[in-house]
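Chain by chain, the residues run as shown.
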Protein chains: 4
Amino acid sequence: MAPPLPTHLDLSAVASCDSWNSWLLFFGVESMGKLWGGRFVGSIDPDMEAFNASIPFDERLWDADLRGSEAWVRALTRARVLSSLEAERLLDGLARVREEWGKGSFHILPEDEDIHTANERRLTEIVGPVAGKLHTGRSRNDQVATDTRIYLRDEIDVLDVMLADMQGAALELAKAHLNVVMPGYTHLQRAQPIRFSHWMMSYFWMWQRDRERLAEVRHRVNVCPLGSGALAGTPFPIDRAALAEDLGFDSASPNSMDAVSDRDYIVEFLAWGALLGVHLSRLAEDLILWSSSEFRFVSLADAYSTGSSLMPQKKNPDSLELLRGKAGRLTGNLMTLLVVLKGLPSTYDKDLQEDKEPLFDAVDTLKLALPVAAGVLSTLTIHPDRMRDALSDDLLATDLADYLVRKGVPFRESHRLVGLVVRRSEELGVPLSKLHMRDLTSISSVFDDDVDGVWDFEASVERRNVLGGTSAETVKRQIEAAEKLMLTFGRERRK
Amino acid sequence: MAPPLPTHLDLSAVASCDSWNSWLLFFGVESMGKLWGGRFVGSIDPDMEAFNASIPFDERLWDADLRGSEAWVRALTRARVLSSLEAERLLDGLARVREEWGKGSFHILPEDEDIHTANERRLTEIVGPVAGKLHTGRSRNDQVATDTRIYLRDEIDVLDVMLADMQGAALELAKAHLNVVMPGYTHLQRAQPIRFSHWMMSYFWMWQRDRERLAEVRHRVNVCPLGSGALAGTPFPIDRAALAEDLGFDSASPNSMDAVSDRDYIVEFLAWGALLGVHLSRLAEDLILWSSSEFRFVSLADAYSTGSSLMPQKKNPDSLELLRGKAGRLTGNLMTLLVVLKGLPSTYDKDLQEDKEPLFDAVDTLKLALPVAAGVLSTLTIHPDRMRDALSDDLLATDLADYLVRKGVPFRESHRLVGLVVRRSEELGVPLSKLHMRDLTSISSVFDDDVDGVWDFEASVERRNVLGGTSAETVKRQIEAAEKLMLTFGRERRK
Amino acid sequence: MAPPLPTHLDLSAVASCDSWNSWLLFFGVESMGKLWGGRFVGSIDPDMEAFNASIPFDERLWDADLRGSEAWVRALTRARVLSSLEAERLLDGLARVREEWGKGSFHILPEDEDIHTANERRLTEIVGPVAGKLHTGRSRNDQVATDTRIYLRDEIDVLDVMLADMQGAALELAKAHLNVVMPGYTHLQRAQPIRFSHWMMSYFWMWQRDRERLAEVRHRVNVCPLGSGALAGTPFPIDRAALAEDLGFDSASPNSMDAVSDRDYIVEFLAWGALLGVHLSRLAEDLILWSSSEFRFVSLADAYSTGSSLMPQKKNPDSLELLRGKAGRLTGNLMTLLVVLKGLPSTYDKDLQEDKEPLFDAVDTLKLALPVAAGVLSTLTIHPDRMRDALSDDLLATDLADYLVRKGVPFRESHRLVGLVVRRSEELGVPLSKLHMRDLTSISSVFDDDVDGVWDFEASVERRNVLGGTSAETVKRQIEAAEKLMLTFGRERRK
Amino acid sequence: MAPPLPTHLDLSAVASCDSWNSWLLFFGVESMGKLWGGRFVGSIDPDMEAFNASIPFDERLWDADLRGSEAWVRALTRARVLSSLEAERLLDGLARVREEWGKGSFHILPEDEDIHTANERRLTEIVGPVAGKLHTGRSRNDQVATDTRIYLRDEIDVLDVMLADMQGAALELAKAHLNVVMPGYTHLQRAQPIRFSHWMMSYFWMWQRDRERLAEVRHRVNVCPLGSGALAGTPFPIDRAALAEDLGFDSASPNSMDAVSDRDYIVEFLAWGALLGVHLSRLAEDLILWSSSEFRFVSLADAYSTGSSLMPQKKNPDSLELLRGKAGRLTGNLMTLLVVLKGLPSTYDKDLQEDKEPLFDAVDTLKLALPVAAGVLSTLTIHPDRMRDALSDDLLATDLADYLVRKGVPFRESHRLVGLVVRRSEELGVPLSKLHMRDLTSISSVFDDDVDGVWDFEASVERRNVLGGTSAETVKRQIEAAEKLMLTFGRERRK
């Protein structure tokens, strides 16, 4: 028989009552693992249990989940749903749960289907039935959205620092080799001479866009859905604005139905990650090419290379190949969530549980990849001599056309004339700069002795002295702008 | 024999010379279609020509391309590369080209491989060899990036207005049916009563996020790459900041190598479109369900329905099904570009030409879809009676649990008790509100006569009176906030 | 100082020599974990080590890896590269390694970068330096391809059985409810009456296609790459056909460069999985709809349902929603690998390591999902009464048009006439079958008293008595064909 | 007033009646464009009309649609639903429609929403009301599935021939340069010497797999859905097996609900196309690299190259870059359809209309790309001298290790020793083959004078004389096997 049930439950009494165990049985706490048991008769199929459980992956939300619960206790207390005594008991209990996670002594039980259940089950074991008051007026639907947003906001801040570190490595490299001139390529064909530092800075700016975008994503991540209940809001007088502030959110969600079902912020993050992945894949491609015997413009540090199990001479740029390959899973993760969301009826559907694994995988992938990319850059050896050797005269063909332009030949015509010059040079097997003046003048009488001034790679990069161009002055200005950004961007948030 | 060639080309003279035709021949202008002809010997394979040509799809950039060229003429003039006479001649010619496009009398020739070639070829026919000065110091690499950014910026502004119209339709519908109560669903199972207007507003907020994101994308679209040349900048003293301003850009790109190869802004736009597509697919799913005989909460206007070629009774929600299906191509377009970009070496590669078709398709798809979505909403018939009929007592089970909570029962226990009540009600085949008091008290003695107050759907939605909840007051507040946003958001830009 | 090194290494001697430990040191076996150490000076960055390691996920290939190594030992022995004594020693050692994995006593060390390294390292510890002969003439490039193919071939066989089980569950359900008539839908609007069993069989045939495709994929999976070395083949006289047969492969790969880099078979498998995922998502969608209060055609067993943490009355079809959602990750996995492969130079690149996680995830996902889908079907409750209640007269409008056709009215006209009848019925608020004869004849004088024969749902499904139609006879014939297939399909392979 | 309506419609009379025009009006044929008009009151929104129409893209199905209709007429006649007179009239009319399409004189009208409507509308204009009998017992749902399958089957046969042509070009190239030795790469680092012909053949085999897969896809494409009606089959006694045979299908679909909704065959085709796209992207990547100044192993024909609008010296491999880029849209098309299908309720939903554009785009893309790829190969210039120059000694490091193995050193140890040799060679700045014997023997006393035999690239490729290896004999055997396949594969079908 059950212990006497107080007509008006006085939990403080209950919690200390001697017949705690029988009480637990009576209240069905033995089946806490099944939060939704009352209505159900049959038991769950074991395959289904494994299929349904999210604890193997959402375990990592333990801290966010506890933070959410603590704030919810405070909100319920402000709303006078909990007494201050109850609140204290619950907060103490939650602190103990946190401690156990921190120490690694928290044990997940087979019946803990998700992190919310696990934390509440443990809280119940610690503080007794008062734990049953924690879930008042909330649902796992708003709870999991809150947890995920807290988690992601924090990871975004970590990733932003990693991005800044990678930018820093690029900046250092650009500054260290400011004046190294090398061939620039389009279509992987030699095009025009550029500065190595200019190339390096082109990645700085991609990553700056990545950081801008990430700050914008963060703004939409950092919205509090707690207090939206299952879909319709909460019937208790919760001050949702205060709750949002308590949890460090920028604002509270304006519509409960949207709030429990909105996964835009994860899609945005995954799209962000896919684009960053593409940027990393392009950097990797450049450096893989340049590490080949045929280019040999750079050497990768041994610390970021591996060898072959068969071929003793091999030093392979595995770090870069993996960076390139990671664009795959980052794109795949985005695709995963878009497919999951497509065509779902509004509010919460269980399909939404499929948001977490792609999110976690994207976060983990980038947290592994960014330090490797930064490390590759900060340990990279540049071979200016090899770059210089690759500066062939054809890289100056445009300068030759511009020479004619400055003498009044319309560009379209000068382009055609220099095309003929190039053809002549190929026919004769002689570099452009070594053609006889008569070879030139037979093509156009505009060529003059001063054409020799064209054959200077340094002069060529210096000539492109516009904003964003290759001259020393403009590259330096880029670097200065970049350094200023490094000091200011995102700084306010980090304070 | 060729006409006498002035040693220092005086184009104004040339343009008016009698021997214009022979001069044209001499200068090879007959092969203008091949901008890069001088160096080449063999002719192009016809399959390759078709494979390479972008004019069938980039034709739509004609206006952006002309605007870019006009600004470039002014920039070259400011840089004293063109005389004011030459500038005038070119601007007049470009105006004539624009006129022809406007009137539909512009003829694309087989040898026009892209829109840039087509416009310049026509300009040459109109103004003569001075046209050959237009391309001085620029490349198709910076030109096409400029054109695409102008085009997309303009389309973004169109799309934003369409989004606002769709939001307006939703707002009207919400206001017209503010107090209609209906079942809210999670997992497509009846969950709790909600307001129809609250449901409608949940989409308003999704679209508001879409508009916020779009404004952010626009900011990164609206950057001027012109003056970046092929990859290294331009050797003429172009004031790129002034040029950017002339074209209505917010800023000029900081690095020429990045500028010619950056397609982030298109990826961002396509990711934006994919997410909007997902939103539309969810709205469509809701309304398709609600249009079925089984729900029949709404009726679609005939104007947005179609019939069957076989079954005479059918009225099909094709508009909604297509809206749902369009999420496919919007996602596919995003994937297309991510795959194209993955692993490309930096600066311009021809693969980048594959950016346009997914972009154009996404723009076209959304410009077709958004007015249809708005039209569906503004002509939708709501059936409040059918909604009310669907309000079954089980939607109030949570309210019943909250009733116990207010009497001191911990929520977890009250949830379990109400689970037993629900089971009893199912066993007896009696709705919850019709259970005898003794059925309730046998489950918990806390149940009292005042439990009758629970069975009121209106009261249930009113009880959720928190920010974002279902009460009339909070929904009205949502609507007010939304209306304010409609007046202010993006307004500055539209001025 | 090192121990004396035999000029012509006699390993059997070495292995038993007293100075085994110092010998190990001398030979550098202490750094076995780094298979490619000789050439390298610097040590690996720890971030890079984590980034590079595949052991956390390729561990599951342990058995396939051992099988591959055993067969390789036999092949080397046949080629007289190993003596039979050495072979015996190696096979004994590999057997010991297998035993340790089987018992769970195999310990992965931090320096084991992949499963191949781990197994060889352990083998070396067990059998001593003779282990160093195992990798003769092979590379991890052909080894990993071999392991993955063995693994996948076996998993395909498991999946095929699971598919057959799911088909079996569908067949049982179809047979148990052969004659239940229900509304058929197109566009989610009621269209024509169908048999429930016919609906169920429509999934049987989708899955039969899945099984056909899987058998075809298996054929291309089951090709042996071993003996391809790093990219150029092996210089030892290996009989690759015999080796392939030894490992149960159907054939040996015809080109070594293709063999080490071919991941087609994984792409094929992932594409197969994505399509199966789509099939499951459609089944899930049907059943989720039918489980709603509005349809209530079926009830899901409690064993495959879950409840709500907030709403006590809820019974949610989580199993089905997850089945629907899994289409996301299955599609994402396919996308991942396509992106990884795109644009890679031929032969082996490290990017290919990114093939395994999507493959393993797809296998695991389907091995979880298929039994759940089968379980849902075999425990599903059908509500024929609810289905019958939903049979409304408009489902017979096509039959009414066909009635006119049989009286000589061209179908296009009869369709129009019945459209008018439907409109009349809606205007009058009277079901089609209850319209007065004068209502009908005012629309067409062809209507006659025998029109009453149309209003019979059973007769309607019976009338569609063509191959693939809804009549009892043709559905039975479907079922018989299906049962025959179940007995024969894939049977040969399973023997 | 309407013309007298025969009580039992005698169409042959009607068709010749004088009052044809008024009759047309009476029968509402003026609105044939709206096949489903009878029931509808409101008119269609013009935005919706544009959104709904598929004629702009499904127009290309005109011939398949006519073939399907002709076969349907014959099937209806065999089923005695049509008299032979009616059948003749309809077949004559359909022949006239075909003629108009063939001559380009068919005019699509604004109200023709799809190709089926357009063809039937025109047929009605030509043959009069008997055209209204054509659609008896079929639906656009089975009709469009039939048309698409006919279309795709034919395009598959075209693509297979194109693939064979591309294989032929590869074979010719391999045979022409059978004995050219070049560096083989893994990780884009020089690995081991290979034959150029061996590299070329590695693509042959990829494409052979593509052709095998395509044949399998074709088998599932070539199934006849006609006679499945809207979803439930047809109530007229159609012999579906005979109908399938009439249309050249391999079989008839076994379940009508599956038949109208099955798009597996398109998914399969798109997945096939995506993988072929990946293969082409890898070929392109190899050749782009080899066309660079740094490699210069090959030169692309001018016919497949383009120039720069700015840089006169440029010859860019645009054909290859586009081939690489096309992998993007081919993958995007696949994703599009997977997203469309995900989560659709069974049978026909309008979303399925979104299958056609990705299908058509994939077909068009491949029909453009394959001849270009074949053309690139058949006009490619090989530079054996550049390849030979790139053969550096480190490519023989594995051979050096194998040398030690043959002297009894376990491979793992020989690998380590050669690693030390490589390091020594780098320290001394001396190629491997130029190291002094004392440098070698200081590392291992096993090195002997016969080590000189290692430094022979030709001998190295000859040593790999196993199935799939690089020796002349085994490559020749590959080529013979390939030539045999070319003669036999798919030959039966082509007869």
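Cut-offs applied
Residues numbered from 1 in each chain as written. Chains lettered and ligands numbered in written order. Predicted model: local features only at pLDDT ≥ 70, side-chain atom pairs only at ≥ 80, totals over all residues. Heavy atoms only, no water. Contact = heavy atoms within 4.5 Å. Buried area = accessible area lost by both parts, 1.4 Å probe. Salt bridge = Lys/Arg side-chain N within 4 Å of Asp/Glu carboxyl O. Polar contact = N/O pair within 3.5 Å; in protein donor to acceptor, adjacent residues only side chain to side chain. Helix = DSSP H or I, 4+ residues; strand = E, 2+ residues; numbered from the N terminus. Nonpolar A, V, L, I, M, F, W, Y, C, P; charged D, E, K, R; others polar. Least-squares fit on C-alpha atoms with pLDDT ≥ 70 in both. Buried < 20%, exposed > 50% of the residue type's maximum accessible area, 1.4 Å probe, protein only. Core = buried A, V, L, I, M, F, W, Y, C linked by side-chain atoms within 4.5 Å. Axes fitted to C-alpha atoms, helices over the stretch in contact; angles between N-to-C directions. Parallel < 35°, antiparallel > 145°, perpendicular 65-115°, else oblique. Left-handed = near helix turned anticlockwise from the far one by under 90°. Phe/Tyr/Trp six-rings, centres within 6.5 Å; stacked < 30°, edge-to-face > 60°. Lys NZ or Arg CZ within 6 Å of the ring centre and 35° of its normal. Expected span 1.5 Å × (residues − 1).

Colleague: Explain the interface of chain C and chain A residue by residue, including any values.
Modeller: Every contact between the two is made by 63 residues of chain C and, on the other side, 63 residues of chain A. Around 5,500 Å² of area is buried between chain C and chain A when both sides are counted, 63% of it from carbon and sulfur atoms. It is F51, S309 and L322 of chain C in chain C that bury the most area against chain A; as a group they hold 14% of the surface buried on that side. Here chain C and chain A share 10 salt bridges between them. The shortest N-O distance in the salt bridge between D351 of chain C and R324 of chain A comes to 2.7 Å. Across the contact surface, chain C and chain A share 20 residue pairs in polar contact (both at pLDDT 80 or more). Those elements that place two or more of their residues in the side of chain C that touches chain A are helix 3 (46–52), helix 13 (318–341) and helix 14 (356–378) of chain C. With 17 residues, helix 13 of chain C is the largest single contributor of residues to the side of chain C that touches chain A. Its residues placed into classes, the side of chain C that touches chain A shows 26 nonpolar, 19 polar and 18 charged.

Colleague: Which residues make up the relation of the copies chain C and chain A, and what are the values?
Modeller: The two copies are related by a screw motion: chain C maps onto chain A through a turn of 180° and a shift of 0.0 Å along the axis, at an RMSD of 0.1 Å. Here the symmetry operator amounts to a two-fold rotation axis. Scanning chain C for the C-alpha nearest the rotation axis identifies G332 of chain C, at a separation of 2.1 Å. Looking at chain C, 100% of its interface residues are interface residues in chain A too, so the copies touch through the same face.

Colleague: I'd like a rundown of the interface of chain D and chain C, residues and numbers included.
Modeller: Listed per partner, the contact involves 117 residues of chain D and 117 residues of chain C. Here chain D packs against chain C, burying approximately 9,900 Å² in sum over the two surfaces, 59% of which is carbon and sulfur. Looking at the side of chain D facing chain C, the largest losses of area belong to R220, R282 and R412 of chain D, adding up to 8% of the total buried there. Between chain D and chain C we count 17 salt bridges in total. Residues D262 of chain D and R209 of chain C are paired through a salt bridge, measuring 3.3 Å at the closest nitrogen-oxygen approach. At the junction of chain D and chain C, the tally comes to 52 residue pairs in polar contact (both at pLDDT 80 or more). Among the elements that line the side of chain D that touches chain C, the one with the most residues is helix 12 (residues 264–291) of chain D, at 13 residues. Looking at side-chain class alone, the side of chain D that touches chain C contains 52 nonpolar, 35 polar and 30 charged residues.

Colleague: Tell me what's going on with unusual backbone geometry, and back it up with residues and numbers.
Modeller: Negative phi characterises most residues that are not glycine, and trans characterises most peptide bonds. Unusually for a residue other than glycine, L188 of chain B sits at a positive phi of about 60°. Looking at the element boundaries, L188 of chain B is found in the loop between strand 1 (181–186) and strand 2 (189–195). Positioned with a positive phi, R296 of chain C is a non-glycine residue whose angle comes to about 50°. Along the chain, the position of R296 of chain C falls in the loop between helix 12 (264–291) and strand 5 (298–299). The exposure class assigned to R296 of chain C is partly exposed, which follows from its relative accessible area of 27%.

Colleague: Summarise the nonpolar core; cite the residues concerned and give the values.
Modeller: If you look at the biggest cluster of nonpolar residues, it comprises 652 residues, and the most contacted ones within it are F269 of chain A, W207 and F269 of chain B, F269 of chain C together with F269 of chain D. Residues within four places of F269 of chain B in sequence aside, it is in contact with L152, I156, L159, L214, V217, L359, A362 and V363 of chain B.

Colleague: Describe in detail the side chain of N333 of chain B, supporting the description with residues and values.
Modeller: In this structure, N333 of chain B sits in helix 13 (residues 318–341). Note on N333 of chain B: relative accessible area 9%, which makes it buried.

Colleague: I'd like a description of the packing of helix 12 (residues 264–291) of chain A against helix 14 (residues 356–378) of chain A, backed by residues and values.
Modeller: All names here are of chain A. One can describe the packing of helix 12 onto helix 14 by two numbers: an axis separation of 11 Å at closest approach and a directional angle of 30°. Judged on the interaxial angle alone, helix 14 and helix 12 are roughly parallel. For the crossing formed where helix 12 meets helix 14, the hand is left-handed. Here I266, F269, L270, W272, G273, L276, L280 and L287 of helix 12 come into contact with helix 14, specifically with P358, L359, A362, V363, L366, A369, L370, A373, V376 and L377.

Colleague: Outline the environment of L76 of chain D, listing residues and values.
Modeller: Residue and element names in this part refer to chain D. Of note, L76 is situated in helix 5 (residues 62–78). Judged by relative accessible area, which is 0%, L76 ranks as buried. Taking C-alpha positions, L76 is 9.7 Å from L243, a pair spaced 167 residues apart along the chain. Among all residues touching L76, those that are not within four sequence positions of it are V81, L82, K133, L134, T136 and I238.

Colleague: Which residues make up the packing of aromatic side chains, and what values do they have?
Modeller: This model, assessed by the stated rule, comprises 52 aromatic pairs over all chains. By way of ring pairs, the aromatic residues Y185, F196, W199, Y203, W207, W290, F295 and F297 of chain A are connected into one cluster. When the ring centre of F360 of chain D is taken as reference, the NZ or CZ atom of R60 of chain D above it lies at 4.4 Å. Across the ring face of F249 of chain D, the terminal group of R153 of chain D is positioned such that the distance to the ring centre comes to 5.2 Å.

Colleague: Before we move on, can you summarise helix 8 (residues 140–176) of chain D with the specific residues and values?
Modeller: Compared with an ideal rise of 1.5 Å per residue, which puts 37 residues at 54 Å, helix 8 of chain D spans 53 Å between its outermost C-alpha atoms and is within 8% of the ideal. The element helix 8 of chain D is largely enclosed, with a buried count of 28 among its 37 residues.

Colleague: Run through the pattern of salt bridges, naming residues and quoting values.
Modeller: As enumerated under the stated definition, the model contains 195 salt bridges over all chains in all. A salt bridge links E70 of chain C to R98 of chain C; the shortest N-O distance between them is 2.5 Å. Here the residue E70 of chain C occupies a position in helix 5 (residues 62–78), and R98 of chain C occupies one in helix 6 (residues 84–103), the gap between them amounting to 28 residues. On the basis of relative accessible area, R98 of chain C is assigned to the partly exposed category, the value being 23%. One salt-bridge network, held together by shared partners, links R149, R220, D258, D262, D264 and E268 of chain A together with R209, D210, E212, R213 and E216 of chain B.

Colleague: I'd like a description of the packing of helix 16 (residues 397–406) of chain A against helix 17 (residues 411–428) of chain A, backed by residues and values.
Modeller: Residues and elements named next belong to chain A. Close contact between helix 16 and helix 17 brings their axes to 8 Å; oriented N to C, the two are set at 135°. Compared by their axis directions, helix 16 and helix 17 come out oblique. Judged by the twist between their axes, the crossing of helix 16 over helix 17 is right-handed. Along the contact surface, helix 16 presents A397, L400, A401, D402, L404 and V405, while helix 17 presents F411, S414, H415, L417, V418, V421 and V422. Tallied by class, the residues present in the contact of helix 16 with helix 17 amount to 10 nonpolar, two polar and one charged.

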